[in-house]
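# Per-entry structural report
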Amino acid sequence: MEESWKEQLKDEFEKPYFLQLVDHLKAEKALNRQIYPAGNNIFKAFEKTPFQQVKLVILGQDPYHGPNQAHGLSFSVQDGVAIPRSLKNIFKELQSDIGISIPTSGNLTAWAEKGVLLLNASLTVRANEPASHAQIGWLNFTDAVISILSSNKKDLVFLLWGKFAQEKQLLIDGRKHFVLKAAHPSPFSADKGFFGCKHFSKSNEFLMQKGIDPIDWKL
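Residues numbered from 1 in each chain as written. Predicted model: local features only at pLDDT ≥ 70, side-chain atom pairs only at ≥ 80, totals over all residues. Heavy atoms only, no water.

## Remarks on the overall build of the protein chain
Looking only at helices and strands, the protein chain features 8 helices and 6 strands. Seen in sequence order, the protein chain has helices and strands lined up from the N terminus as α-α-β-α-β-α-α-β-β-α-β-α-β-α. Taken against the 2.2 N^0.38 rule, which gives 17 Å for 219 residues, the C-alpha radius of gyration of the protein chain at 17 Å falls within 12% of a compact globule. Referenced to the eigenvectors of the C-alpha coordinate spread, the extents of the protein chain come out at roughly 50 × 35 × 25 Å. Out of the 219 residues belonging to the protein chain, those deemed buried represent 53%. Per element, the accessible surface of the protein chain, about 10500 Å² overall, is 49% carbon and sulfur. The positive charge centre, built from 26 side chains, and the negative charge centre, built from 23, are 3 Å apart in the protein chain. (Helix = DSSP H or I, 4+ residues; strand = E, 2+ residues; numbered from the N terminus. Rg over C-alpha atoms; globule rule 2.2 N^0.38 Å. Buried < 20%, exposed > 50% of the residue type's maximum accessible area, 1.4 Å probe, protein only. Areas by Shrake-Rupley, 256 points an atom, 1.4 Å probe, with all protein chains shown as cover. Lys, Arg positive; Asp, Glu negative; His and termini not counted. Charge placed at Lys NZ, Arg CZ, Asp CG, Glu CD.)

## Description of the pattern of salt bridges
Under the defined criterion, the tally for this structure stands at 12 salt bridges. For the salt bridge of arginine 175 with aspartate 173, the shortest nitrogen-to-oxygen distance reads 3.0 Å. Owing to a relative accessible area of 78%, arginine 175 belongs among the exposed residues under this scheme. Sharing partners across several salt bridges, the network here consists of Glu28, Arg33, Arg126 and Glu129. (Salt bridge = Lys/Arg side-chain N within 4 Å of Asp/Glu carboxyl O.)

## Some details on the pairing of strand E3 (residues 116-120)
Of all 5 residues in E3, 5 are buried; the element is thus mostly enclosed. A two-sided burial pattern is seen for E3, the buried positions comprising Val116, Leu118 and Asn120 on one face and Leu117 and Leu119 on the other. Alignment of strand E2 (residues 56-60) against E3, held across 5 bridges, turns out to be parallel. Bridged to leucine 56 within E3 is valine 116. (Pairing = 2+ DSSP bridges.)

## Brief notes about the sheet that holds strand E6 (residues 178-182)
Pairing is parallel across the open sheet formed by 4 strands, whose spatial order is E3-E2-E5-E6. Looking at the sheet topology across the chains shown, the edges are occupied by E3 and E6. Geometrically, the sheet is characterised by an average inter-axis angle of 20° between neighbouring strands, direction not taken into account. Pairing of E2 with strand E5 (residues 157-161) involves 3 bridges; the strand directions are parallel. Each residue of the ladder has a partner; that of valine 57, found in E5, is phenylalanine 158. Each of E2, E3 and E5 touches helix H6 (residues 138-152); the most contacted strand, E3, lies at about 150° to it. (Axes fitted to C-alpha atoms, helices over the stretch in contact; angles between N-to-C directions. Contact = heavy atoms within 4.5 Å.)

## Considering the packing of aromatic side chains
Considering all chains together, one arrives at 21 aromatic pairs under this definition. Between phenylalanine 43 and tryptophan 138 the ring centres are 6.0 Å apart and the planes differ by 70°, which places this aromatic pair in the edge-to-face class. Of this pair, phenylalanine 43 sits in the loop between strand E1 (35-36) and helix H3 (44-48) while tryptophan 138 sits in helix H6, placing them 95 residues apart in sequence. Classification of phenylalanine 43 by relative accessible area gives partly exposed; the value is 23%. For tryptophan 138, a relative accessible area of 1% gives the class buried. On the numbers, 4.8 Å between centres and 80° between planes, the contact of phenylalanine 200 with tryptophan 217 is edge-to-face. Linking phenylalanine 200 in helix H8 (residues 199-209) with tryptophan 217 in the segment after H8, this pair joins segments that are 17 residues apart in sequence. In this structure, phenylalanine 200 and tryptophan 217 share a single accessibility class: buried. Each residue in the set Trp5, Phe13, Tyr17, Phe18, Phe43, Phe46, Phe51, Trp138 and Phe141 is aromatic and connected to the rest through ring pairs, giving one cluster. The aromatic ring of phenylalanine 51 is capped on one face by lysine 153, whose charged end is 5.1 Å from the ring centroid. (Phe/Tyr/Trp six-rings, centres within 6.5 Å; stacked < 30°, edge-to-face > 60°. Lys NZ or Arg CZ within 6 Å of the ring centre and 35° of its normal.)

## Considering H8
Those residues of H8 that fall on the buried side of the exposure criterion are His199, Phe200, Ser201, Ser203, Asn204, Phe206 and Leu207. In this structure, the buried side of H8 is in contact with E2, helix H4 (85-98), helix H5 (109-112), E5 and E6. After H8 finishes, the residue glycine 211 shows a positive phi value of roughly 75°.

## Some words on the packing of H4 against H8
Close contact between H4 and H8 brings their axes to 8 Å; oriented N to C, the two are set at 60°. Taken together, the axes of H4 and H8 lie oblique to each other. The segment H4 lies against H8, with Ile90, Glu93, Leu94, Asp97 and Ile98 engaging His199, Phe200 and Ser201. (Parallel < 35°, antiparallel > 145°, perpendicular 65-115°, else oblique.)

Here it is as structure tokens:
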């Protein structure tokens, strides 16, 4: 984890829930359970997007639970892995909204390095068991991340796609930040308000109005 985030989150690391979370992960590892992403990628979002560089937050729910997919960035998959359907729909909206060609890789590291915090609400998951770590303490941790961003920064953009992400709006000060909501890009809901939401262009319009360099959405 990058140093600026360690400073912002130092109090969280000492709280009982976080210590219990660490113990839980150690216990699962001792039982040889496969956990995604790999340990060195769990905090990848905080490594690739330092606190002071965050311009925009895209909130996901759970890491991918298949082999070689998750690498610590919401919606992103590693190079060489088939692009998941939700991410394909994100790329379709990106192309429709601002004309960027659909990428051939689902690796979103380039976005993270340009100020897009790709944050999952849970940072780990058991292989082939979606939401298996949703109740072990990660939600406390990532809620704290959102609250700290809301309190200690201004003029951020939060993209909240789907009901789960939209519930996090309560943690965000809408007087200081720009919140955009739409249906989830899942194939089951993308045509119910995600397609046509134009969140990529709207985000950049807001940032430029605030004198902030827009996001370069090319991968």
